[in-house]
Structure formats: C-alpha cells, structure tokens
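This is what each chain is made of:
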Amino acid sequence: MPRDIRRLVASVAGEFTIAADHSWGGSGRPAVWEVKGLDGRRWFAKRHTGPKEHRREVTAYRRWTSALGEGRAPVLAAADTPAQAIVVTAVPGRSLGCRPPAPEREREAYRQAGHLLALLHSAPVGQPEPGRDALGSGTEAGAERGTHCGTEPGTDSGPDIGPGIGTSWEADVEATLNGAALYLTAEDDALVRAITEEPPPARPQVVAHADFQPRNWLWDEEQQLLRVIGFERTCVEPAVRRDLCRLEYGFLHARSGLRSAFYEGYGRELTADERRACAAYAAVAAVSALRWGIEHRDLETVEQAHAMLGRLRAERAECCRRGGSP
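Residues numbered from 1 in each chain as written. Predicted model: local features only at pLDDT ≥ 70, side-chain atom pairs only at ≥ 80, totals over all residues. Heavy atoms only, no water.

To continue, consider the environment of Gly265. Of note, Gly265 is situated in helix H7 (residues 256–266). Under the relative-accessibility criterion, Gly265 is labelled buried at 11%. For the pair Gly265 and Arg111, spaced 154 residues apart in sequence, the C-alpha separation works out to 4.5 Å. Discounting residues that sit within four places of it in the chain, Gly265 has contacts with Arg111, Gly114 and His115. (Helix = DSSP H or I, 4+ residues; strand = E, 2+ residues; numbered from the N terminus. Buried < 20%, exposed > 50% of the residue type's maximum accessible area, 1.4 Å probe, protein only. Contact = heavy atoms within 4.5 Å.)

What follows is the structure in structure tokens.
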C-alpha cells in the first residue's frame, strides 16, 4: 500500500493492518485494500485510476447513496483528491459475482437489486454549488460536467459507452466502430450499424450507478439483505444507457426467473422505447467493451462483449423472422 494511502487510512482507523488486497488484475483497474483497525473495525481503501472516477465516487457517496436507505451502501469516511483515494466503511455480504446463493435466495437478491436501482434512479439529481466542484473544494475545470457520463480524456477504468456529452449519436457510433475496427468482423460491424442506424429514443436523465452488476451486489445471507458497492462510474445519464442495457443483454438474458424478480423490485417492466434504446446502447457498449478488453487483456470483458453481440444478433434475426421491425 502506498504511503499516501496509508496516511489516509490512518486518519480514519488509527493503527491498522492490511487484511486483504482485493485489487483486480490488469491495467485500468482501481487498487482496493481491506484493512482492519486495532479495535477490529474493517474499512476499505481504494485508489482510483483517474480524477473522473474519483470525482464520481465521492460525489455518489456525498450526494446520492443515502437514497438507497440506511446500511445499503458503504459510508464515505475520508477522501484525498490529490491521491485520488477514498476510505469507506465495510458492509456485510458476499459479492454475487463470486458465488450466487441458493436459487430462492438469488431470486430475492435480484428483486432487491431492482428495488435499490429504482431508488437510485429516483434520487434527486441536484446541482453542484456555483463555483465549487462535487468534492467541495475550489473550482475545478469541468467539475460540473464530470458528474455526467461524457467522455473525458486521460482516464481509463473500463469501457465507456457513447455518446459522450456534446457529441452526436452518429458521430459517436462511427468513432466507436472505427476505434475497434481491428477487432470486429465484417458481420459484427454490419450488425452494429444496422441496430444504431437510428438514435435511441430520448429518455430522462437519472442518477445511474453505471456499473450495476452482480459483482457490485453484496448478499448478506444472515440478514437476507442486498447492498451495493462500486460507485466510481455513478453519474447522470439515461437509465437505459448503462444500467438497464447491460442487465438486459447481460446478466438477465435468458434467465426469466431472475429477470422477473428484478423488474418486480424495479416496480415496472421496460417500455417499448426503453427496449429499443437498450438495444442501441448495448450495440455500442459491446464494441467499446470488446476494444477495451482486448487492449487491456481482460478476457472476462472480451467474453461479455462477444456474448452481447451474439444476443443482439439472435434478437435481430428472430425479429426479422417474425416479420417485425428490428
């Protein structure tokens, strides 16, 4: 653990020991340590990969995670902007991305996931104070814009999903395809162009987790409660841009029982416009993820991207077979 992170942890926990290193392998991923104070309390320290991720996570903890309810997310204990690091409280639970619970418990976990996401999407967006950024420090160039999920240079913590703030849909799709041209088959390129020919229907801006997936859901078997972590991409964007499109074409695909449970918790099913928007965003997301995964040697991301493209292809073929509009 670097010296500046040790100082930050000590400011909260006093004397401590490092209990585990939970950092993901490969480049472009944050470093995460689990620490334990002499009093037995556990904390997590995270060093972000760039200022955008740091700003987003601190903003999320200070402004939005309270909407999930008491104890449903960690609490921010300390933040260091120059070090791009935070310390948060530990919350009970095991990541559903590691080992899912028994089927009946898993369904309840997905129901609670839908409910928590609905609460986050309903949180007031709010605005930074004039002349101050989301961290509460002096004015930082682009700080207000940074709470929106646009593309910012100089950061790299995972594949972003277009379009960025201030760019057109057509230009962003073209840039995404051109950037991944070395990794796409002609069939995949044609598929994505067909799906994204029309811009996705406009949807309201909400507070989005933007990385809402089982590895960021902690299931507490004892209390039968789900908690949410990993807010470094949290920002303001349409719910379909990342949160719902990744679920629809990823973790909920072909899992009707879990999908039903999730939307029971969410409070409603997707509208026709939302389903169309999910397909368009998923197509761009798959291309972006494929490029990022290959260039960062992240096999899991590459596999997820190929799976998403396969599901989009099958869905489009089925729609055409039935004589509907793809």
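Time to look at the sheet that holds strand E2 (residues 31–37). The sheet built from five strands is open, its strands ordered E1-E2-E3-E5-E4 with antiparallel pairing. Each of the sheet's edge strands pairs with one partner strand only, and the pair in question is strand E1 (16–21) and strand E4 (76–80). In this sheet, neighbouring strand axes are inclined to one another by 25° on average, regardless of whether the strands run parallel or antiparallel. Sheet analysis places E4 next to strand E5 (residues 85–89), joined by four bridges and oriented antiparallel. In the strand pairing of E5, Asp80 is matched with Ala85. Its contacts with the sheet place helix H2 (residues 51–64) against strand E3 (42–47), E4 and E5, and it is angled at close to 150° to E4. (Pairing = 2+ DSSP bridges. Axes fitted to C-alpha atoms, helices over the stretch in contact; angles between N-to-C directions.)

Let's shift gears to the confidence of the model for the protein. Detail in the predicted coordinates should be disregarded across regions flagged by low pLDDT. Looking at the protein as a whole, its pLDDT mean stands at 88, while 86% of the residues score no less than 70. Here residues 128–146 scores under 50 on pLDDT; set against residues more than four positions off or in separate chains, the count is 29 contacts. Predicted confidence is poor over residues 151–157, with pLDDT under 50, and the contacts of this stretch with residues over four places away or in other chains come to 24 contacts. (pLDDT = per-residue confidence, 0-100.)

This part is about the sheet that holds strand E6 (residues 94–95). The strand order across the open sheet built from three strands is E6-E8-E9, with neighbouring strands paired in antiparallel fashion. Edge positions in the sheet fall to E6 and strand E9 (225–228), since each of these pairs with one other strand and no more. Pairing of strand E8 (residues 217–220) with E9, which is carried by four bridges, proceeds in the antiparallel orientation. Bridging from a neighbouring strand, Trp217 pairs with Val228 of E9.

Attention now goes to the packing of aromatic side chains. Summed over all chains, the structure comprises seven aromatic pairs. An aromatic cluster of three or more residues is present, and its members are Tyr110, Phe212 and Trp217. (Phe/Tyr/Trp six-rings, centres within 6.5 Å; stacked < 30°, edge-to-face > 60°.)

Time to look at the environment of Asn178. One can find Asn178 in helix H4 (residues 169–179). Given the relative accessible area of 48%, Asn178 is considered partly exposed.

Summed over the entire model, instances satisfying the criterion amount to 25 salt bridges. A salt bridge links Arg268 to Glu274; the nearest nitrogen and oxygen atoms lie 2.8 Å apart. Residue class for Arg268 comes out partly exposed when judged on its relative accessible area of 35%. With its nearest N and O atoms 3.2 Å apart, the salt bridge here joins Glu295 to Arg291. One end of the pair is Glu295 and the other is Arg291, both in helix H8 (residues 272–295) and four residues apart, which spans about a single turn. Among the charged side chains, a network of salt bridges with common partners joins Asp211, Arg215, Arg233 and Arg246. (Salt bridge = Lys/Arg side-chain N within 4 Å of Asp/Glu carboxyl O.)

The subject of this paragraph is the nonpolar core. Side chains of nonpolar character tend, in soluble globular proteins, to be buried together. Core analysis: the largest hydrophobic core is formed by 66 residues, its most contacted members being Phe212, Trp217, Leu226, Leu244, Phe262, Tyr266 and Leu312. Per-element tally for this core: the top contributor is H8, with 13 residues. Residues within four places of Leu226 in sequence aside, it is in contact with Arg72, Leu96, Ala109, Gln112, Ala113, Leu116, Trp217, Leu218 and Trp219. (Core = buried A, V, L, I, M, F, W, Y, C linked by side-chain atoms within 4.5 Å.)

On to the pairing of E3, then. Two elements, E2 and E3, share six bridges in a ladder whose sense is antiparallel. Counterpart to Ala31 in the pairing with E3 is Arg47. Linking E2 to E3, which pair antiparallel, is a turn of four residues; within it Gly40 sits at a positive phi near 90°. In this sheet, E5 lies alongside E3 in antiparallel orientation, the contact comprising five bridges. The partner of Trp43 across the bridge, within E5, is Thr89.

Once that is clear, we can look at the packing of H4 against helix H5 (residues 186–195). At a minimum axis distance of 11 Å, the contact between H4 and H5 shows a crossing angle of 170°. By the criterion of interaxial angle, the relationship of H4 to H5 is roughly antiparallel. In this structure, H4 uses Glu174, Leu177 and Asn178 to contact H5, whose residues at the interface are Asp189, Val192 and Arg193. Taken together, the residues of the contact of H4 with H5 break down into two nonpolar, one polar and three charged. (Parallel < 35°, antiparallel > 145°, perpendicular 65-115°, else oblique. Nonpolar A, V, L, I, M, F, W, Y, C, P; charged D, E, K, R; others polar.)

With that settled, the discussion passes to H5. For H5, the complete set of buried residues consists of Asp188, Leu191, Val192 and Ile195. Summarising the axial view, the buried residues of H5 lie within an arc of 95°, below the 170-degree limit, and thus occupy one face. Contacts from the buried residues of H5 go to H4, H8 and helix H9 (299–321). (Arc of directions from axis to C-beta.)

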